[in-house]
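Take a look at the letters that make up each chain.
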Amino acid sequence: MAIIGTTIFSHILPVLFGFFALILIISGSLEENKPKLSLGIVLFVIACVFPYVVLSVLV
């Protein structure tokens, strides 16, 4: 079970967060929508840091 949990937190969720973050960043910059752009940047940072924080607690 630990292998499945670590795979989800290290490979699947960061990719999904990063994908949606890039969509929000591109959409926010093209529409000049600052809240959407900042949400995309925050989501991208969370996608980058998320595996290190969660996996250090799990392992």
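Scroll up for the structure.
Residues numbered from 1 in each chain as written. Predicted model: local features only at pLDDT ≥ 70, side-chain atom pairs only at ≥ 80, totals over all residues. Heavy atoms only, no water.

A. A nonpolar patch on the surface, seen in detail. Taken together, the side chains of Ile4, Ile8, Ile12, Leu16, Phe19, Phe20 and Ile23 define a hydrophobic patch exposed on the protein surface, amounting to about 640 Å² of accessible area. Residue placement: Ile23 occurs in helix H1 (residues 2–30). (Patch = residues over 30% accessible without salt bridge, like charges linked within 9 Å, V, L, I, M, F, W, Y side chains within 5 Å. Areas by Shrake-Rupley, 256 points an atom, 1.4 Å probe, with all protein chains shown as cover. Salt bridge = Lys/Arg side-chain N within 4 Å of Asp/Glu carboxyl O. Helix = DSSP H or I, 4+ residues; strand = E, 2+ residues; numbered from the N terminus.)

B. Quick peek at unusual backbone geometry. Phi is positive for Glu32, which is not a glycine, with a value near 55°. By the secondary structure assignment, Glu32 is in the loop between H1 and helix H2 (34–58). We classify Glu32 as exposed; its relative accessible area is 70%. (Buried < 20%, exposed > 50% of the residue type's maximum accessible area, 1.4 Å probe, protein only.)

C. Representation of the environment of Ile3 within the structure. With respect to the helices, strands and loops of the structure, Ile3 is situated in helix H1. Residues Ile3 and Gly40 lie 37 residues apart in sequence; the distance between their C-alpha atoms is 29 Å.

D. Summary view of the packing of aromatic side chains. Enumeration over the complete set of coordinates arrives at 2 aromatic pairs. Summarising the aromatic geometry, the rings of Phe17 and Phe50 are spaced 5.7 Å apart at their centres and angled 70° between planes, so their arrangement reads as edge-to-face. Of this pair, Phe17 sits in helix H1 while Phe50 sits in helix H2; the two residues are 33 residues apart in sequence, bridging distant segments of the chain. (Phe/Tyr/Trp six-rings, centres within 6.5 Å; stacked < 30°, edge-to-face > 60°.)

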